[in-house]
Amino acid sequence: MIFILMSIEVMLNASGLAFVVAGSRWAQPDGQVMFIFILATAAAEVSVGLALLLQLYHQYKSLDADAASLMRG
């Protein structure tokens, strides 16, 4: 599960870098604005993801991604 969260974070950073590069290519500040938005979204994703990981570990004593399919309301 931790590797899944890390890979999502890397993908968000890559898309943010693409926005910054495109913004600097066309001399527009829009890429930097989108990067700030992506950073805020990534911070929210990390906090929710870590809360889910803690809940999963508390219930099943494991961080196996297959155990998450057993977690139902």
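Above this note sits the structure.
Residues numbered from 1 in each chain as written. Predicted model: local features only at pLDDT ≥ 70, side-chain atom pairs only at ≥ 80, totals over all residues. Heavy atoms only, no water.

What follows deals with the overall build of the chain. In terms of helices and strands, the chain carries two helices and zero strands. Seen along its three principal axes, the alpha-carbon backbone of the chain occupies a region of about 50 × 15 × 15 Å. Residues classed as buried in the chain amount to 14% of the 73 residues present. When contacts within the chain are restricted to residue pairs at least 6 apart in sequence, long-range pairs at least 24 apart make up 44% of them. (Helix = DSSP H or I, 4+ residues; strand = E, 2+ residues; numbered from the N terminus. Buried < 20%, exposed > 50% of the residue type's maximum accessible area, 1.4 Å probe, protein only. Contact = heavy atoms within 4.5 Å.)

By secondary structure assignment, the location of Gln-28 is in the loop between helix H1 (2-25) and helix H2 (30-60). Relative accessible area serves as the criterion here: at 43%, Gln-28 is assigned to the partly exposed category. Between the C-alpha atoms of Gln-28 and Tyr-57, which are 29 residues apart in sequence, the distance is 45 Å.

Let's shift gears to the packing of H1 against H2. Relative orientation of the contacting elements H1 and H2 amounts to 175°, with a least axis distance of 8 Å. On the basis of their axis angle, the class for H1 and H2 is roughly antiparallel. Residues Ile-2, Leu-5, Ile-8, Glu-9, Leu-12, Asn-13, Ser-15, Gly-16, Leu-17, Phe-19, Val-20 and Gly-23 of H1 form the contact with H2, whose participating residues are Gly-31, Gln-32, Met-34, Phe-35, Ile-38, Leu-39, Ala-42, Glu-45, Val-46, Gly-49, Leu-50 and Leu-53. Tallied by class, the residues present in the contact of H1 with H2 amount to 15 nonpolar, seven polar and two charged. (Axes fitted to C-alpha atoms, helices over the stretch in contact; angles between N-to-C directions. Parallel < 35°, antiparallel > 145°, perpendicular 65-115°, else oblique. Nonpolar A, V, L, I, M, F, W, Y, C, P; charged D, E, K, R; others polar.)

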